[in-house]
Amino acid sequence: MARNNRNIVHLLVNREQGYREYGFRSATSSSSSRESCFRQVAIELAEFVLLERMKNEDLCKPLDDLDNETESVLNIEQSHHGLFTATVQTNKSVNVFHTPSMRKIAKYHSGERSVWTLAFHPKNANIIAFATLGGTVSVYVDNQLVATRDETPTIGSLCFHPTRSYLLLNSMNQIIFWNWASDKTYSVDMYEDCKCRFLHMTLDLRLITGITPSLLYGSVNFLEDLSQVQPEHLAETFLRHVYFMLEKLEKALSINNGHRLQKELNKQFYAWVRLLQTINTEGHNIRVRDTLEPAEKSFKSDLNLTLVTLNRRIEALQETFSSRPSVISLCSDDLLRLGYSMASLYTEPLYFFEKICQKYVYQNFNRYVQYKFDLNLVSEMLDKVFDMFRRITPIAVTKEEWERQWSFYVTQTTYVQPELNKHCALQAWDLTAFTDDVDDLPDFKEEWKNVITMGIVINDSNVAISQCEQLVASVRLRSVKEMEIRSLRRDIFGQLMFVFKFVSNFVSLSFSPSGRFVIVGLRCTKQLKYACILDRQTGWRIDSTGLNGCLRAPDDTIFPNERVGLQLCLPVEKDRYLEVNCIKWATLPGYGLLLGLKAKFVQICR
């Protein structure tokens, strides 16, 4: 056991501490920042050693404890300190291992149905919960069953609150906050046609969700009926439209079809003008209050992070469009001739947002929402969108032609493409205000709020969050599949950090302990490699033979998907090939990769 614990990270850190103890280093080197920096270097070195060995050695080794089990491993989860590893298998059980020795230390039976999702407590590794395909949720503390709950539908994902005895889980079109210690429950509804497929709670009390978009508002037809929208909901209608508009323009750009892009720009400008016209005509009817009576309830909706994220996406589109000289410019005279002015598209909508800023907006049944946002961010958004359309939108000659094309657009076009139904909106919700009151919980119907990206989510292994909880990796489908790494930091929330494009069917994502590398597990035939390890910190092209292969400096001809660190066949011999369900990097530094296959659990490299 002791031998297994002596991995390269422990040896390097212990050696560094020994140097300090015997005075070989200055006293300043004992600061926590230096030790943290050294540990980061040691972890990355361990990861480089692993990659170097995998280039030349077959490191796949089966676990003796699972020799008699041939059921598929659907998912792998690890405790916060990495000492425990749990597997979800189709034999209606959960196996827990001691990671350094990979010896089984516990086995939990799920009853009549297989387990679909499980989670360790983020601070106490002796607390674990899992849910079955039949909807049964179980919580174990110190290997003892302490709480159970039955939900009729399948539980797609669950996670623990880090500071309170709450287990968060999804059920039908609800997200349930279950206090497993007191059996007290709160539930928050989503739209009827929505489904939550991913839940993760960070230590700074942010809930990351993956919720399928609602078709109720995904269609452009809601813009045709803008006259039916209540004034109180114009703000969220505006933000929802901006969100879908950017999704459509980004998708059109990814296809790289000039005709389709200009057609999409035309459509979106028609919709944009209609939306602002409605705000100008209906916004003065909105009911707002400066203060509330004691009996009246309200909830706060902070929009600043959403506005910053949307502005950043608009800026990226502006930069992309500026390099496309073929698009037709729309000048101010054209707008005036069509009956629209700068005031109607920019200045007048600002009056509406100024009216609701920091005020209590009536919703229904004596319930109010207080929108908190910086008015300058709204002004910046309106200015950027107007400038983007003014520069690049080809327009019809007459206003009548505009109306004819708009009518055709409404009846023939929808925002939600068929492949979008496979996606979930990954969002971040602030739960710092939650104090055992359902009114403190987010409104999960705000599907446009704090959106990180859209991702394909079937189970928990399809989304990866780094150990530092500053990065999230997911896969979305555009012209091809795109593995995106985006920031969760509040100052650059949602910013794109890395993109890798591929066409194979992916099964899982996982960050290395350092956060530098991410592994993409692929489901392929025997003839194809079925894992890619990517280095997100380099823009160099790295030959698939290894990290020390052919390198060349980045230039304009290099695409993001060329930054491939290592492509793997695991195991190397094709006759030993087993289909992959998930690949996870061991949370404990220096302990390699963990594979969940369709036959046995496989350990890779120490």
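Please read all numbers here as calculations on a predicted model, not as lab measurements. (Residues numbered from 1 in each chain as written. Predicted model: local features only at pLDDT ≥ 70, side-chain atom pairs only at ≥ 80, totals over all residues. Heavy atoms only, no water.)

Engineer: Tell me about the overall build of the protein chain, and please be specific about residues and values.
Structural biologist: Counting its regular elements, the protein chain contains eleven helices and 34 strands. Here the analysis covers contacts within the protein chain between residues at least 6 apart in sequence; of these, 61% occur between residues at least 24 apart. (Helix = DSSP H or I, 4+ residues; strand = E, 2+ residues; numbered from the N terminus. Contact = heavy atoms within 4.5 Å.)

Engineer: Describe the packing of aromatic side chains, naming the residues involved and giving the relevant values.
Structural biologist: Scanning the model with the defined rule gives 18 aromatic pairs in all. On the basis of an interplanar angle of 80° and a centroid distance of 5.2 Å, the ring pair of Phe352 and Phe353 is categorised as edge-to-face. Like Phe353, Phe352 is buried. Pairing Phe517 with Trp585 gives two aromatic rings, centres 6.3 Å apart and planes at 15°, and the pair type is stacked. Linking Phe517 in strand 27 (residues 517-523) with Trp585 in strand 32 (residues 580-585), this pair joins segments that are 68 residues apart in sequence. We note that Phe517, like Trp585, is buried. Members of the aromatic cluster, each reached through a chain of ring pairs, are Phe238, Trp272, Phe352, Phe353 and Phe373. (Phe/Tyr/Trp six-rings, centres within 6.5 Å; stacked < 30°, edge-to-face > 60°. Buried < 20%, exposed > 50% of the residue type's maximum accessible area, 1.4 Å probe, protein only.)

Engineer: Now, about the packing of helix 5 (residues 234-255) against helix 7 (residues 304-322): what can you tell me, with residues and values included?
Structural biologist: As a packed pair, helix 5 and helix 7 sit with axes 11 Å apart at the nearest point and diverge in direction by 30°. Between helix 5 and helix 7, the angle is such that the two are roughly parallel. The handedness of the crossing between helix 5 and helix 7 is left-handed. Of the residues in helix 7, those in contact with Leu239, Val242, Tyr243, Leu246, Glu247, Leu249, Glu250 and Leu253 of helix 5 are Leu307, Leu310, Arg313, Ile314, Leu317, Thr320 and Phe321. For the contact of helix 5 with helix 7, a count of residues per class yields eleven nonpolar, one polar and three charged. (Axes fitted to C-alpha atoms, helices over the stretch in contact; angles between N-to-C directions. Parallel < 35°, antiparallel > 145°, perpendicular 65-115°, else oblique. Left-handed = near helix turned anticlockwise from the far one by under 90°. Nonpolar A, V, L, I, M, F, W, Y, C, P; charged D, E, K, R; others polar.)

Engineer: Which residues make up the sheet that holds strand 15 (residues 206-211), and what values do they have?
Structural biologist: Across the sheet, which stays open at both edges, the four strands sit in the order 14-15-20-21 with antiparallel pairing between neighbours. The open sheet terminates on both sides in strands that have one partner only, identified here as strand 14 (196-201) and strand 21 (451-456). On average, each strand axis in the sheet is inclined to that of its neighbour by 20°, with strand direction left out of account. Sheet topology places strand 20 (residues 423-430) next to strand 21; five bridges connect them, and they run antiparallel. Across the sheet, residue Gln427 finds its bridge partner in strand 21, namely Val451. (Pairing = 2+ DSSP bridges.)

Engineer: Kindly report on unusual backbone geometry, identifying the contributing residues and their values.
Structural biologist: Most peptide bonds take the trans form, and the phi angle of most residues other than glycine is negative. Phi is positive for Asp183, which is not a glycine, with a value near 65°. Mapped onto the elements, Asp183 comes out in the loop between strand 12 (174-179) and strand 13 (184-189).

Engineer: So what's going on with the side chain of Ser461? Which residues, and what values?
Structural biologist: Relative to the helices and strands, Ser461 resides in the loop between strand 21 and strand 22 (464-465). Looking at Ser461, the relative accessible area reads 0%, which means it is buried. Residues within four places of Ser461 in sequence aside, it is in contact with Asn75, Val507, Ser508, Leu509, Cys582 and Lys584.

Engineer: Please provide a residue-by-residue account of the nonpolar core, values included.
Structural biologist: One finds Phe238, Trp272, Ile356 and Phe373 to be the most contacted residues of the largest nonpolar core, which totals 53 residues. Mapped onto this core, the elements with two or more residues apiece are helix 5, helix 6 (258-282), helix 7, helix 9 (342-356), strand 19 (367-372), helix 10 (375-392) and strand 21. Of all the elements, helix 5 adds the most residues to this core, at twelve residues. Counting 40 residues, the second largest nonpolar core, distinct from the first, contains Cys60, Leu509, Leu566 and Leu568. (Core = buried A, V, L, I, M, F, W, Y, C linked by side-chain atoms within 4.5 Å.)

Engineer: Give a detailed account of the sheet that holds strand 3 (residues 84-89), specifying residues and quantitative values.
Structural biologist: Strand order in the open sheet formed by four strands is 2-3-4-5, and the pairing between neighbours is antiparallel. Every other strand in the sheet has two partners, leaving strand 2 (73-78) and strand 5 (103-109) as the edge strands with one partner each. For this sheet the average axis-to-axis angle between neighbouring strands, irrespective of direction, equals 20°.

Engineer: Outline the side chain of Arg516, listing residues and values.
Structural biologist: Note that Arg516 resides in the loop between strand 26 (505-511) and strand 27. What makes Arg516 buried here is its relative accessible area of 16%. Here Glu44 takes part through its side chain, which lies 3.2 Å from a polar atom of the side chain of Arg516. If we skip the residues at most four places from it in the chain, Arg516 touches Glu44, Phe48, Leu534, Asp535, Arg536 and Gln537. (Polar contact = N/O pair within 3.5 Å; in protein donor to acceptor, adjacent residues only side chain to side chain.)

Engineer: Please give an account of the pairing of strand 20 that cites residues and values.
Structural biologist: The element strand 20 is extensively covered by neighbouring structure, given that seven of its eight residues are classed as buried. Sheet topology note: the strand 15/strand 20 ladder contains six bridges and is antiparallel. Along strand 20, the bridge assignment pairs Thr209 with Gln427.

Engineer: So what about the packing of helix 5 against helix 10? Which residues, and what values?
Structural biologist: As a packed pair, helix 5 and helix 10 sit with axes 13 Å apart at the nearest point and diverge in direction by 40°. On the basis of their axis angle, the class for helix 5 and helix 10 is oblique. Both helix 5 and helix 10 take part in a crossing whose hand is left-handed. When helix 5 is examined against helix 10, the residues Phe238, Val242, Met245 and Leu249 are found in contact with a partner set consisting of Met381, Leu382, Val385, Met388 and Phe389. Residues that form the contact of helix 5 with helix 10 fall into these classes: nine nonpolar, no polar and no charged.

Engineer: Report on the pairing of strand 4 (residues 93-98), specifying residues and quantitative values.
Structural biologist: The side chains of a regular strand alternate, first on one face of the sheet and then on the other. Summarising burial for strand 4: six of the six residues are buried, a large majority. Here six bridges tie strand 3 to strand 4, and the two strands are oriented antiparallel to one another. Bridged to Val88 within strand 4 is Val94. Connecting strand 3 to the next strand, strand 4, in antiparallel fashion are three residues, including Lys92 with a positive phi near 60°. Where strand 4 meets strand 5, six bridges bridge the pair, whose relative direction is antiparallel. When the bridges of strand 5 are listed, Phe97 appears paired with Lys104. The turn linking strand 4 back onto strand 5 is made up of four residues, and Met102 within it adopts a positive phi angle of 55°.

Engineer: Hey, could you go over the environment of Tyr243 for me, with residue numbers and the actual values?
Structural biologist: Within the secondary structure layout, Tyr243 lies in helix 5. Residues Tyr243 and Arg313 lie 70 residues apart in sequence; the distance between their C-alpha atoms is 9.5 Å. Beyond its immediate chain neighbours, meaning those up to four positions away, Tyr243 contacts Leu310, Arg313, Ala425, Glu447, Trp448, Val451 and Met454.

Engineer: Can you tell me about the environment of Val438, naming the residues and giving the values?
Structural biologist: The residue Val438 is located in the loop between strand 20 and strand 21 in this model. Classification of Val438 as partly exposed rests on a relative accessible area of 36%. Look past the residues within four positions of Val438 in its chain and what remains in contact with it is Tyr186 and Ser187.

Engineer: Requested: an account of the pattern of salt bridges, with residues and values cited.
Structural biologist: Counted by the stated rule, this structure contains 23 salt bridges. Between Glu44 and Arg516 there is a salt bridge, with its nearest N and O atoms 3.2 Å apart. On the criterion of sequence distance, the pair formed by Glu44 in helix 3 (residues 32-56) and Arg516 in the loop between strand 26 and strand 27 is long-range, its members being 472 residues apart. Judged by relative accessible area, Glu44 falls into the buried class, the value being 13%. (Salt bridge = Lys/Arg side-chain N within 4 Å of Asp/Glu carboxyl O.)

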